[in-house]
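# Structural description and commentary
Now for the letters of each chain:
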Amino acid sequence: MSDVEPGEGRASAPARPDASVYGPSALATPANFVTVVRLLAAPALFAMIADTVATWPNFVFWTVLAATDFVDGLMARRYGTTRSGAFLDPLADKVLVLGAMFALVAADAFPLVPVVVIAARELGISLFRVQLARHGLAVPARPSAKAKTFLQALAVGAALMPWLVPYRWIANSLLWAAVFFALVSGGQYLLDGRRAATTMSRDPGGHHGPAGG
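Residues numbered from 1 in each chain as written. Predicted model: local features only at pLDDT ≥ 70, side-chain atom pairs only at ≥ 80, totals over all residues. Heavy atoms only, no water.

### What to know about the packing of aromatic side chains
Taken as a whole, this structure holds four aromatic pairs when the rule is applied. Taken together, a centroid distance of 6.0 Å and an interplanar angle of 80° make the contact between Phe128 and Tyr189 edge-to-face. Of this pair, Phe128 sits in helix H4 (residues 112–134) while Tyr189 sits in helix H6 (residues 168–202), placing them 61 residues apart in sequence. We note that Phe128, like Tyr189, is buried. Taken together through their ring pairs, the aromatic side chains of Trp56, Phe59 and Trp163 make up a single cluster. (Phe/Tyr/Trp six-rings, centres within 6.5 Å; stacked < 30°, edge-to-face > 60°. Helix = DSSP H or I, 4+ residues; strand = E, 2+ residues; numbered from the N terminus. Buried < 20%, exposed > 50% of the residue type's maximum accessible area, 1.4 Å probe, protein only.)

Spelled out as structure tokens, the structure:
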């Protein structure tokens, strides 16, 4: 579950024959197919968590869904990024992670407060990103955002692993660590966004880089 848009390859590297097969406006792409499958499969995971939290099927299902974020990223880089993918991929990440966290809250496996903080951060930054996009601005992700995403996945996985049921503090510690990086990365994104907006107002003809999270 990544906050970062696919990067550009080296200029000196030879172009792959299958690179950029799909244009920016394409909808039916392999990456989008994987993303939609993740979205459709997410409610099944939430129902499984509600039934019994820590089981091996739940853990494996979560691991597969989390790993497919890496898969659709590879496909996007291989066949070409699209505007629809830039919207659907972060949406799938947020639905999967926040849905799993709230399902764990409902099952008394996660405390409510850290999950609400993470959800509020995601909503606030998403709205701020929309405002930046209206002005043609995009802000690259910081390493703290990548750490936040990784820790969220680890926290959910730890809560679902049967071996760690007697050590619930491990999942909770990972969750609170994710809260810390969520707040840090959110603050950095706000500062970077305001700095980019200030730069644009001083240089209206300037160019801005690719989006990040």
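### Thoughts on the confidence of the model for the chain
Scored by pLDDT, the chain comes out at a mean of 82, with 78% of its residues at no less than 70. Of all secondary-structure elements in the chain, the lowest mean pLDDT belongs to helix H2 (residues 56–79), at 84, while helix H5 (residues 143–160) reaches the highest, 95. Across residues 4–19, confidence stays below pLDDT 50; counting only partners more than four residues off in sequence or on other chains, it has 15 contacts. Low pLDDT (under 50) marks residues 206–212, which in the prediction has 18 contacts with non-local residues, meaning those over four places away or in another chain. (pLDDT = per-residue confidence, 0-100. Contact = heavy atoms within 4.5 Å.)

### A few points about the pattern of salt bridges
Applying the stated rule across the entire model yields seven salt bridges. As a salt-bridge pair, Lys148 and Glu122 come within 2.8 Å of each other at their nearest N and O atoms. Linking Lys148 in helix H5 with Glu122 in helix H4, this pair joins segments that are 26 residues apart in sequence. Note that Asp192 and Arg142 form a salt bridge whose closest N and O atoms lie 2.9 Å from each other. Separated by 50 residues along the polypeptide, Asp192 in helix H6 and Arg142 in the loop between H4 and H5 bring together distant segments of the chain. Of the residues examined, Asp192 reaches a relative accessible area of 12% and is grouped as buried. It is possible to trace a salt-bridge network through shared partners that takes in Lys94, Arg121, Glu122 and Lys148. (Salt bridge = Lys/Arg side-chain N within 4 Å of Asp/Glu carboxyl O.)

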